[in-house]
Amino acid sequence: MEIGDWQTTAELNQIVRQARELGLERNLFELEAFGFTVVPPELLGAGDLPKRLLDATKRICEDVEASGAKMSGPGNASWEYSHFLHYLVGRDPVFIEAVMHPVTLVLARYMLGASCRLFTTSTFVKRGKATSTPLHVDSQGNPPPLYPYAVVCNISWILTDYTEENGTFAIVPGSHRYCRHPTQAEFPEIMGGTGANICVPVEAKAGSLIVFTGNTWHGTYPKRDPVFRAHVVTGFCRNYLLPAEDYRNFPDNIAEKYGAEFKQLIGRTAWQGYTTEGPKGENVAALARANVTPSA
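Residues numbered from 1 in each chain as written. Predicted model: local features only at pLDDT ≥ 70, side-chain atom pairs only at ≥ 80, totals over all residues. Heavy atoms only, no water.

Visitor: Teacher, can you tell me more about the nonpolar core here?
Guide: Taken as a class, soluble globular proteins show a tendency for nonpolar side chains to be buried jointly. Ranked by size, the top nonpolar core spans 51 residues in total, and within it Phe95, Leu107, Ile155, Trp157, Leu209 and Phe236 carry the most contacts. In this structure Ile155 touches Thr104, Leu107, Ala108, Met111, Leu209, Ile210, Val211, Val232, Val233, Thr234 and Phe236, once residues within four positions along its chain are discounted. Ranked by size, the runner-up nonpolar core spans 11 residues in total, among them Leu135, Leu146, Cys179 and Phe187. (Core = buried A, V, L, I, M, F, W, Y, C linked by side-chain atoms within 4.5 Å. Buried < 20%, exposed > 50% of the residue type's maximum accessible area, 1.4 Å probe, protein only. Contact = heavy atoms within 4.5 Å.)

Next up, the structure:
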């Protein structure tokens, strides 16, 4: 059917039109039904961007190692991550390209609204065998019950082939509807638990996107091979949520280069953060416009 300028779905009309133009309608359906989807390389149409992301990721890891710094997996030093690094948009402009890719933005805006903001840009690199990552949701910090809609989303750029053998994502289909965090009793055997095996491996070719909502239960399979494995997370949040990364000191000249759309994503036009002067009227107005007519 033709999508009109319907007042009751003012924010969605243009987003769904753009998704249709990009061939993403099936992916939107899978996000609604199962809480996750995979956009293959031929549909993503990102050219050499995934390769450049991989090259930049490797270079940054080498720089970190050369400086003597290293970070293991979050919260558990026994996890054998080679690197878990953050704030990639401040490390190399190629990661801004990933954030600003049309497919990335359409999927983020569909899940979180046209006024969504950038939440995080992180890379997960494993160069050897590693234990699994336990089940969790990316809506970390939200006390139960979770909202019945996503407040954050995970759009992961897959930079090497992801298989069960090399520790791909383990996702619980439909778990975004549970509106709660998983309990330790529900961890399956692959994650050191005793729960039923409710996870499925999400396998994807290099150059794909693996996408899921912030309410979707996920972890990773144990990495059983020594093959280099990497992905980059471009995460987004609803405009009222405090992003995980602090972009307040992001260089103005780079923000200007990538335009008004990028500046909105990093909070340059956010209405929050006022004191006695109150919110800026133009920022409140910009938020309203984003809800009605998001740009391409």
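Now that the structure has been shown, the text picks up again.
Visitor: For this particular structure, what's the right way to read the pattern of salt bridges?
Guide: Side-chain pairs of opposite charge can arise whenever the charged atoms involved come near each other. In total, this model carries 16 salt bridges according to the counting rule given. A salt bridge links Asp48 to Arg52; the nearest nitrogen and oxygen atoms lie 3.2 Å apart. Taking relative accessible area as the criterion, Arg52 reaches 30% and is therefore assigned partly exposed. As a salt-bridge pair, Asp252 and Arg268 come within 3.2 Å of each other at their nearest N and O atoms. Of the two residues, Asp252 sits in helix H7 (residues 252-257) while Arg268 sits in the loop between helix H8 (259-265) and helix H9 (281-292), which places them 16 residues apart along the sequence. Residue Asp252 is classed as exposed on the basis of its relative accessible area of 53%. Salt bridges sharing partners connect three or more residues here, namely Asp48, Arg52 and Glu97. (Salt bridge = Lys/Arg side-chain N within 4 Å of Asp/Glu carboxyl O. Helix = DSSP H or I, 4+ residues; strand = E, 2+ residues; numbered from the N terminus.)

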